[in-house]
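Here are the chains, one letter per residue:
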Amino acid sequence: MMRLIWLAFVGMLLILAQSVAAQARSESLAPLAEQISPAVVNITTSTLIEGQTGPQGIVPEGSPFEDFFREFQDRNGGDGENRPRRSNALGSGFVISEDGYIVTNNHVIAEADEILVEFFPGDGQPAKDLVAKVIGRDEKTDIALLKVEAEGPLNYVQFGDSDIARVGDWVIAMGNPLGQGFSVSAGIISARNRALSGSYDDYIQTDAAINRGNSGGPLFNMNGEVIGVNTAILSPNGGSIGIGFSMASNVVIKVVDQLREFGETRRGWLGVRIQDVTEDMAEAMGLDKPGGALISDVPEGPAEEAGLLAGDVIISFDGVEVEDTRGLVRQVGETTVGKSVRVVVHRDGGTQTVLVTLGRREDAERDENGEEPEAEVPTEEDKDVLGLTISPLNDSQREELGLDADAEGLVVTNVDESSEAFEKGLRAGDLITEAGQQKVTTIADLEARMEEAREAGRKSLLLLVRRGGEPRFVALSLEQ
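Residues numbered from 1 in each chain as written. Predicted model: local features only at pLDDT ≥ 70, side-chain atom pairs only at ≥ 80, totals over all residues. Heavy atoms only, no water.

1. Describing the pattern of salt bridges
Okay, step 1: Taken as a whole and assessed by the stated rule, the structure comprises 20 salt bridges.
Okay, step 2: A salt bridge links E149 to K147; its shortest N-O distance comes to 3.2 Å.
Okay, step 3: Classification of E149 by relative accessible area gives exposed; the value is 59%.
Okay, step 4: Residue K147 is classed as buried on the basis of its relative accessible area, which comes to 9%.
Okay, step 5: One salt bridge in this structure joins D363 and R366, with 2.6 Å as the shortest N-O distance. In this pair, D363 and R366 are both assigned in helix α9 (residues 361–367), three residues apart and thus about one turn of the helix distant.
Okay, step 6: Take D363: its relative accessible area is 33%, and that puts it in the partly exposed class.
Okay, step 7: When its relative accessible area of 55% is taken as the criterion, R366 is described as exposed.
Okay, step 8: Through salt bridges with shared partners, a single network forms among E264, R266, R360, E362, D363 and R366. (Salt bridge = Lys/Arg side-chain N within 4 Å of Asp/Glu carboxyl O. Buried < 20%, exposed > 50% of the residue type's maximum accessible area, 1.4 Å probe, protein only. Helix = DSSP H or I, 4+ residues; strand = E, 2+ residues; numbered from the N terminus.)

This is the structure we're talking about:
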C-alpha cells in the first residue's frame, strides 16, 4: 500500500514538473521588450579627421616617383591633398527622463564633433534623429550624459538596484549591435563585482549577447529596470562569446547625478597610499586575520591633517567595514566631498578613531607631481640580512637616489635571487624606512626590530620600502 502511495506521489511530482517546464517555455519576453524598447536609442557620432598633404604613405619622401603619384592624386583628388573626411561610429544609449537626458558610454561619444540620437520607432517618438549635446562625462567609469531637445515628453526607463541582483537572474540587453539597429538579447547574470582595469569598477558579467555597437546600451532586469550599462566584452575575435560586462547601476547612478548637477564628477579624497593586507603582513602586525587597507604613505592632504599615519590599517570607514583596498577606494570616491567621516584604524596593537574631512580627488589629481626615478647604488658599509644586502643611507646615496637631504633609512644594495625578498619584489636601490612599524636608520635598528618580533612570537617582520618615492609594505619571514 505504501509503495502505491509513494509511486502516486512521484507521479504527481513529475506531472507538476512537466507543467512548470511547459509554462516556462510558453512565457515570452515580448511584453517586457515592448515596454522598455521606446526608451532605448541608437547613437551615431561623427568626427572630422584632418587630411594629410601630398602622396604620403605611397612612395618614400624624395622618391623620383613622388611627382608622378602627386599628379595622379591631383587628377583624382583635386589639389593633391587628402581632404578632411568624416569618420562615423555607432553606439547605444537609453533615456532616463522625459525631458531628454540620455546615458551612454564615454568611449561612444569621445572626441565626437556631432552626436545624433535615433529613437525606437513608435507612437510619440521623434520622427527624426535629434542632435545631442554632452552634459558631462567620466572616463573612470566610462559613463557619459547627453541631452536632446524634443517637442514633447520622451519615453524613459528607471534605474534598479544592482546590489540585489543575483548570479543566475535573467537579464535583457538592448542596443545597436554591429550597426544592425534596435536589437534585444537575453541571458543571465554570470558573475558580480567584476573589476577590469579601473579603481571604481563594479561590473556585472552576463552571457546575454553584447557586440560592438551595444556599448552604452542598458542591461535590464525582469522588472524593466536598468541594472547595468553595457560597456565591454571579452572576445578573441571582436564578437560575443558570452562574456560581456555592464557597469553596475549603483555606480552609474552616482556618476549620472553628479554629471547632471555639476557637469563633472566630484569624488571624495582621503589622501593616502594603501595596499592590501596579506596573511604574512597580518601576522607581522598582530592582526587576527587579513583585511582592511594598510596605509603605506600619507602625503600632504586630508589624512595627514587628521593624523593618519603610515602603518595604520584602516578597518572601518564612515561606519562601514573595510574588506580591502578596492572596496575602500570605491567607498571614499562615493562619499561627498567635504564630509567629515570617522576612520577606525588598527595602530600599535589597538584601534583608534580619526575624524577626517574629505577633499576632492579631481583637484588632487590635477595637483599631483611626478616622482623621482629609482636608481641602483653601490655602497661600502653593508650587511646581509633577510636575503638583503643593506647599508645605512649616506649623502652620496641620497644624491644618486634623488632623495631629500633629510631622508633616512637603509639602502638595499643587493638581493639574493633565491630569497623570499627577491620573490616579493625587493631590488637594489630600494630604501627601507621602517621595520616593525618603527623607523630604522641603522643596521642595529633593523636587528633590534627583528629581535623584538621574535620575542613577541611573530614569524614575519613588516618592512616599509620606498622605490622612486613610492612606498609599500612587505612582510619577510624571520625564519631564514
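2. A look at a negative patch on the surface
Okay, step 1: On the surface, D276, E321, E323 and D324 cluster together into a patch of negative charge.
Okay, step 2: Considering the arrangement of structural elements, one finds D276 in strand β15 (residues 273–276).
Okay, step 3: The exposure class of D276 is partly exposed, given its relative accessible area of 38%. (Patch = residues over 30% accessible without salt bridge, like charges linked within 9 Å, V, L, I, M, F, W, Y side chains within 5 Å. Areas by Shrake-Rupley, 256 points an atom, 1.4 Å probe, with all protein chains shown as cover. Lys, Arg positive; Asp, Glu negative; His and termini not counted. Charge placed at Lys NZ, Arg CZ, Asp CG, Glu CD.)

3. As for the side chain of N230
Okay, step 1: Structurally, N230 is set in strand β12 (residues 226–233).
Okay, step 2: Looking at N230, its side chain comes within polar contact range of the side chain of S246, at 2.6 Å.
Okay, step 3: Contacts of N230, omitting those with residues within four sequence positions, involve N105, A173, M174, I210, N214, S215, G216, G217, P218, L219, F245 and S246. (Polar contact = N/O pair within 3.5 Å; in protein donor to acceptor, adjacent residues only side chain to side chain. Contact = heavy atoms within 4.5 Å.)

4. What to know about helix α5 (residues 249–262)
Okay, step 1: Compared with an ideal rise of 1.5 Å per residue, which puts 14 residues at 20 Å, α5 spans 19 Å between its outermost C-alpha atoms and is within 8% of the ideal.
Okay, step 2: Those residues of α5 not exposed but buried are S249, N250, V251, V252, V255, V256 and L259.
Okay, step 3: Positive backbone phi, approximately 80°, marks G263, located one or two places after α5. (Expected span 1.5 Å × (residues − 1).)

5. Some details on a nonpolar patch on the surface
Okay, step 1: A cluster of nonpolar side chains, L29, W170 and M222, forms an exposed patch at the surface whose accessible area comes to about 310 Å².
Okay, step 2: Within the secondary structure layout, W170 lies in strand β8 (residues 170–175).

6. Quick look at helix α12 (residues 443–455)
Okay, step 1: Here α12 is 13 residues long and its end C-alpha atoms lie 19 Å apart, about the 18 Å a rise of 1.5 Å per residue gives.
Okay, step 2: Along α12, the residues classified as buried are I443, L446, R449, M450 and A453. The buried residues of α12 all sit within an arc of 125° when viewed along its axis, so they share a single face.
Okay, step 3: If you follow the buried residues of α12, they end up packed against β22 (383–385), β23 (388–392), β24 (410–415), β25 (431–435), β26 (438–439) and β27 (460–467). (Arc of directions from axis to C-beta.)

7. Looking at the environment of L29
Okay, step 1: Tracing the sequence through the fold places L29 in the loop between α1 (2–26) and α2 (30–36).
Okay, step 2: The exposure class assigned to L29 is partly exposed, which follows from its relative accessible area of 36%.
Okay, step 3: For L29 and M222, which are 193 residues apart along the polypeptide, the C-alpha to C-alpha distance reads 8.8 Å.
Okay, step 4: If we ignore the near neighbours within four places in the chain, the residues touching L29 are I172, A186 and M222.

8. A short note on the packing of aromatic side chains
Okay, step 1: Tallied over the entire structure, the rule returns three aromatic pairs.
Okay, step 2: Measuring from centroid to centroid gives 5.9 Å for F94 and F159, while their planes differ by 80°, and the two rings are edge-to-face. Of the two residues, F94 is situated in strand β2 (residues 85–95) and F159 in the loop between β7 (143–147) and β8; the sequence distance between them amounts to 65 residues.
Okay, step 3: For F159, a relative accessible area of 22% gives the class partly exposed.
Okay, step 4: The interplanar angle of 70° and the centroid separation of 6.2 Å between the aromatic rings of Y203 and F245 together place this pair among those described as edge-to-face. On the criterion of sequence distance, the pair formed by Y203 in strand β10 (residues 203–206) and F245 in strand β13 (residues 244–248) is long-range, its members being 42 residues apart.
Okay, step 5: A relative accessible area of 6% places Y203 in the buried class. (Phe/Tyr/Trp six-rings, centres within 6.5 Å; stacked < 30°, edge-to-face > 60°.)

Everything listed here is a matter of coordinates, which is why it stays silent on function.
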